[in-house]
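# Commentary on secondary and tertiary structure
Now for the letters of each chain:
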Protein chains: 4
Amino acid sequence: MSLNTFGHLFRVTTWGESHGPALGATVDGCPPGVALDEAKLQHWLDRRKPGQNKYTTQRQEPDAVRILSGMYEGRTTGTPLQLMIENTDQRSKDYGDIAQKFRPGHADITYWQKYGLRDPRGGGRSSARETAARVAAGGVARAVLADLVPGIAITGYMVQMGRLRADRDRFDMAEIGRNPFWSPDAAAAAIWAEHLDELRKSGNSVGAVIEVVASGVPAGLGAPIYGKMDSELAAAMMSINAVKGVEIGAGMGAAELTGTENADEIFAGEGGRPRFSSNHAGGILGGITTGQDIVLRFAVKPTSSILSPRRTITVTGEETEIVTKGRHDPCVGIRAVPVGEAMMACVILDQFLMHRGQTGRV
Amino acid sequence: MSLNTFGHLFRVTTWGESHGPALGATVDGCPPGVALDEAKLQHWLDRRKPGQNKYTTQRQEPDAVRILSGMYEGRTTGTPLQLMIENTDQRSKDYGDIAQKFRPGHADITYWQKYGLRDPRGGGRSSARETAARVAAGGVARAVLADLVPGIAITGYMVQMGRLRADRDRFDMAEIGRNPFWSPDAAAAAIWAEHLDELRKSGNSVGAVIEVVASGVPAGLGAPIYGKMDSELAAAMMSINAVKGVEIGAGMGAAELTGTENADEIFAGEGGRPRFSSNHAGGILGGITTGQDIVLRFAVKPTSSILSPRRTITVTGEETEIVTKGRHDPCVGIRAVPVGEAMMACVILDQFLMHRGQTGRV
Amino acid sequence: MSLNTFGHLFRVTTWGESHGPALGATVDGCPPGVALDEAKLQHWLDRRKPGQNKYTTQRQEPDAVRILSGMYEGRTTGTPLQLMIENTDQRSKDYGDIAQKFRPGHADITYWQKYGLRDPRGGGRSSARETAARVAAGGVARAVLADLVPGIAITGYMVQMGRLRADRDRFDMAEIGRNPFWSPDAAAAAIWAEHLDELRKSGNSVGAVIEVVASGVPAGLGAPIYGKMDSELAAAMMSINAVKGVEIGAGMGAAELTGTENADEIFAGEGGRPRFSSNHAGGILGGITTGQDIVLRFAVKPTSSILSPRRTITVTGEETEIVTKGRHDPCVGIRAVPVGEAMMACVILDQFLMHRGQTGRV
Amino acid sequence: MSLNTFGHLFRVTTWGESHGPALGATVDGCPPGVALDEAKLQHWLDRRKPGQNKYTTQRQEPDAVRILSGMYEGRTTGTPLQLMIENTDQRSKDYGDIAQKFRPGHADITYWQKYGLRDPRGGGRSSARETAARVAAGGVARAVLADLVPGIAITGYMVQMGRLRADRDRFDMAEIGRNPFWSPDAAAAAIWAEHLDELRKSGNSVGAVIEVVASGVPAGLGAPIYGKMDSELAAAMMSINAVKGVEIGAGMGAAELTGTENADEIFAGEGGRPRFSSNHAGGILGGITTGQDIVLRFAVKPTSSILSPRRTITVTGEETEIVTKGRHDPCVGIRAVPVGEAMMACVILDQFLMHRGQTGRV
């Protein structure tokens, strides 16, 4: 990963700011001959789209994606795909105060520190709007994976909001699409709804934990030592706005296990493939996939743009207070779900192509 | 990060297996004119060296590093440094069983799945011996940083072993070098010693959490969006053997915070620099350093090579049982401390050079 | 260089086809704070624009560039610039025959061999229209270089058309803009005009040699061994459509020289800088700039799309004949001049940033 | 290509100086399971080895390569190969004068300008000894290609020394190994021998042109737009010491052709493959291989280290004269032949892997 590009053979470069005319993703290295159209990408973008329920920003963006290149007669040609999303609802007047003050917990100050100037309109490049481009790119990755690895499935969902955790005993994957939190635990979703209503009313926000699972992933993907599947996934997830932690399988909790507890015992499975007694590894050993589900979680911090006043300084260094008005998600974790899925799809496809390139074993 | 190389301008490529004649790191892009010698690197290698206390493998390796290139009259020339460590204690007979069976929780099976063959001697490339090369490279990074960013300090220590956590109220950084666990909490170290003795006797192992802190880091380092400082650090730490989770600042716990709790309020500090009321951000906002301490933690799973028998399969797919003899650390987290520091040093230097390249602002 | 991206710190990714809705360049790693606007880029695009004289295609394209991102209040922000050029004159009916047959000497057949399908409209991605995006990116590079290296100048011109060579004794750089061939030799330009008229009438085309010179380049740029300035320039020029040879300084002719002839003797120059007796090196020794002018030449083959019938096969493998109608330049070398300049500008800037990053010596 | 690494999936990083303890190549991304041993690599190194005839330096170096990693039981494991060559004949006393003065036409001065210091012993990193590492890496590439693309052959030979050109009508490929110049024209070799004797006696040197041909290359290799096969080859050849020009197929001479002359007409060939009437394209169209022979040539300038006195300056800027004693090749083009072959092998393999990765079509 480097600057605004990630991936090795399947490379995604995103561009664009929150309040510029457009943003998008340039997708390079896409395999040729894959059936694709804008509707396939729009499907995923619509899941991330703002304003879908009262828990996400009321900014009205259709987030309509156009494919400007890399296609011919409904198939990818192997040349770069340009996926462009025009910004239509750019209420810049909302952001006057932000131009002069730094929001605590936000990238406002660091862009200023790094570049000596910044585009303050809606957070500019640091806005979570950039993730729309990733979701579009992830849609391409999913379409390619559907061809190359039939049966692969990538699913994200929320497992924790604030201190409130979902209960795995209640998990029903069919519930994910039926509540605004992408929760497989319908009861948790109801509790979170109430909690978030309160927070929103009090001008506050809250963090969350998202889990993303990929099933049907072939064994052998991942490029040790420094392109390990888990290393690449960690970088990908940590690059999402507001993410502060990433864990694979047993994750941070692996520290609490003993060797006998942690070892996923191996048995002879179907078709000559190994079968494992458990999945503390989260589907990855030594940076290479085992064929088990890849399981990762990432933590999203609470939105920094809140109505509660916080102490800060101005761009000229004077101490002051800031209250962020405007249309901000009280829990950015919600919309991080499709983004995490998209990043997972891109990383897996990239590693698949790398593996096919080096070993020819697919 | 890609295959066996990490970094953009300061690039480290490691090579070598546990039981081959040697292993090492090729360090490219090193700034010229930096005073360096083998003793400076050996200092860091000695901290990671096996056999220093009863809690690490009794394999006797001097881990003596030689600098084969990139130096002239005691200074770096700007051309690649080759850092080579010869393997002297390669008791291959220890590993006979491993050649035919896969250790549960180990990369044995995935290297086999990926490449169709593997070097089973001591785990081959997947052995933690590879991390010696990183520590050598990290020594180079530290020497350069000492020139470019006087006052920078990078310190790692253990904060948790199994379920036993160190107590931050007892932290005394001077203690770190005085116990075998790099613990700033002397009391915790004593408890861990006892715990580990028991585990070792019972043929078991345990996980740990390591914290690494970099202080004195300039603001403005990190290359958004996909070369964010936290993204690069997450990839770097996740690439270390046995690491299953990485978190920055408040980390996974950020999910539990509200926006008002999480926001590190900003005040006018000394020399025109901002001062923050807290450091939930772990020194990084929007992927760019704030000038506060970078604080990260990573979780290391328990060693997979244990004396307790586990169910597994052979390379030909038959179910069997495995007991791993040999000289294995009961808690690999201990020796992960200097490795985490080394990775942090390399990433910070790389980002420093990238930032100087793009912006000239240093 | 890799797929559709070139550059290390200043990275340009181009996208788009001849007859798609748009094409463009994503420019990443641009230094912040540089004054820029669309007019500055349009200046360079207008030099490459088709239909400016009877020697270039009569396709009417305004080639109007829009900057969609990476700017705020007239300055670059350090985030990616998206430079988009809409295709307005896409007369696809011209290209019917090409869809079924491969033009000899053209990429038609190899895209088919590589990808199994291709976009035949106007050559799709292999069309020279792609070079418009490079010229736009080169305009960004020039704007940055004007800030970082005042006094740098990059100038391209034609030195040979077919067997007709310009005469260096008649060179007057002021003439370059006054004739359709970017020729510093006005007499040669007149002869070429006549020659090209004849070729065009006979349904034929011709090759050319372009020279590009960069003066005012600082010494020390270039990243040995595999990122040498001449290596990067060679790759950059060879990536331009129809280029079959690249040479630096004495170039292919260096083979004919003896050591005494070739050595550019060194004397003490002004300001402590070396002065050289000659410039057979073309400003580059060991892959690093000397401070002399960088001098390179590249050869462009004749246009493959010609009215004279040629033997070929169809996409289904039957032998046939092809006559390429449509609006093609009889000498693509003419429009390659601003493209060569643009590539030179991008490579020099990238190497400048790399050098500043690694050494801090600028 | 970047700093000291080239390649995308098959990546070669070279390290080491002329007079350090050793030099070598780290080869990453090598496909697993390929039979390899040191003898296979030594075969190619012996062709480049100095002191084999009176036309190459009399430095006595066995150039014995050791494979330190990446192998198990005679096969590559897919992990990095470290290929090390120890320097045994380091007569540093020869180089005293060079430490204080810059050889005209040599990288002495630019390394100084770039890095502010340099290793003057034998030219340090800029010495042609670095090419031994490439030849070793090329040996690995050849072994892999032999597995993946049976029938591929890569052959280099000299076609011009000074103004004396070989005559293609006399070409007999069997002659290449029978004369010190790798010439397929035995008569030319005899003339060159005489010419070089004279030059050597007069303390002078001379340039040369090398041609490298790859036959049996599959169609479809090459990654447009910026990873074109010709672009990658141009970069690879230009990175070889003393190379000043690179051309593919008709090369610089393509400028002299008309469209009708240049077009390689296409016919239906055997096995459904196209057959071409000629090969002006040098086997590459649009940056992608056609299946015809890849044909390239590169020009090597005369050795800068000559006995004839030349004007220069000292490191402190005073004007002086230099005579380079020591053991230098009067025509470095001779030993560039195996180096050019090696680079060709590495680039083709890398592109093969990239193509397999992206398209799966092999």
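Conventions we followed
- Residues numbered from 1 in each chain as written.
- Chains lettered and ligands numbered in written order.
- Predicted model: local features only at pLDDT ≥ 70, side-chain atom pairs only at ≥ 80, totals over all residues.
- Heavy atoms only, no water.
- Helix = DSSP H or I, 4+ residues; strand = E, 2+ residues; numbered from the N terminus.
- Contact = heavy atoms within 4.5 Å.
- Buried area = accessible area lost by both parts, 1.4 Å probe.
- Salt bridge = Lys/Arg side-chain N within 4 Å of Asp/Glu carboxyl O.
- Polar contact = N/O pair within 3.5 Å; in protein donor to acceptor, adjacent residues only side chain to side chain.
- Nonpolar A, V, L, I, M, F, W, Y, C, P; charged D, E, K, R; others polar.
- Pairing = 2+ DSSP bridges.
- Axes fitted to C-alpha atoms, helices over the stretch in contact; angles between N-to-C directions.
- Least-squares fit on C-alpha atoms with pLDDT ≥ 70 in both.
- Buried < 20%, exposed > 50% of the residue type's maximum accessible area, 1.4 Å probe, protein only.

The next subject is the environment of Ile85 of chain A. Tracing the backbone shows Ile85 of chain A in strand S7 (residues 81–86). Along the backbone, Ile85 of chain A and Pro21 of chain A are 64 residues apart, and their C-alpha atoms lie at a distance of 8.9 Å.

Contacts between chain D and chain A engage 13 residues on the former and 13 residues on the latter. When chain D packs against chain A, the two sides together hide about 1000 Å² of surface, and 56% of this comes from carbon and sulfur. Between chain D and chain A we count zero salt bridges in total. Run the count over chain D and chain A and you get nine residue pairs in polar contact (both at pLDDT 80 or more). Considered class by class, the residues forming the side of chain D that touches chain A number six nonpolar, six polar and one charged.

Another aspect to go through is the sheet that holds strand S7 (residues 81–86) of chain C. The strands making up a sheet are joined through hydrogen bonds of the backbone, oriented either antiparallel or parallel. All names here are of chain C. If you trace the five strands from one edge of the open sheet to the other, you get S1-S2-S3-S7-S4, paired in antiparallel fashion. The open sheet has two free edges, formed respectively by strand S1 (5–6) and strand S4 (65–67), since each of these has just one partner strand. Of the pairings in the sheet, the one linking strand S2 (residues 11–16) to strand S3 (residues 22–28) comprises six bridges and is antiparallel in character. Bridged to Trp15 within S3 is Gly24. Strands in contact with helix H1 (residues 38–48) are S4 and S7; relative to S4, the strand with the most contacts, it is inclined by about 150°. This element, helix H4 (residues 130–148), spans S2, S3, S4 and S7 of the sheet and lies at about 35° to S3.

Each copy of the sequence occupies a distinct position, and chain D is placed on chain C by a rotation of 180° and an axial shift of 0.0 Å, giving an RMSD of 0.0 Å. Taken together, the turn and the small shift mark the pair as related by a two-fold rotation axis. Both copies present the same face, since 100% of the interface residues in chain D are matched by interface residues at the equivalent positions in chain C.

Time to look at the sheet that holds strand S4 (residues 65–67) of chain D. All names here are of chain D. Taking strand neighbours across the sheet as the criterion, the five strands line up as S1-S2-S3-S7-S4 in an open arrangement whose pairing is antiparallel. Because the sheet does not close on itself, it has two edges, and the strands there are strand S1 (5–6) and S4. The pairing of strand S3 (residues 22–28) with strand S7 (residues 81–86) spans six bridges and is classified as antiparallel. Paired with Ala22 across the strands is Glu86, a residue of S7.

All names here are of chain A. Secondary-structure assignment places Ala128 in the loop between helix H3 (108–115) and helix H4 (130–148). Residue classification places Ala128 among the partly exposed residues on the basis of a relative accessible area of 31%. The residues contacting Ala128, other than those within four sequence positions of it, are Arg48 and Asn241.

Here the focus is the interface of chain D and chain C. Counting residues at the interface gives 109 residues for chain D and 110 residues for chain C. Where chain D abuts chain C, roughly 8500 Å² becomes buried across the two surfaces, and 58% of that area is made up of carbon and sulfur atoms. If you look at where chain D meets chain C, you find six salt bridges. A salt bridge links Glu256 of chain C to Arg165 of chain D, with the nearest nitrogen and oxygen atoms 3.1 Å apart. In the side of chain D that touches chain C, the residues fall into 51 nonpolar, 38 polar and 20 charged. Across three bridges, the pairing between strand S11 (residues 243–248) of chain C and strand S11 (residues 243–248) of chain D is antiparallel. Counterpart to Gly245 of chain C in the pairing with S11 of chain D is Glu247 of chain D.

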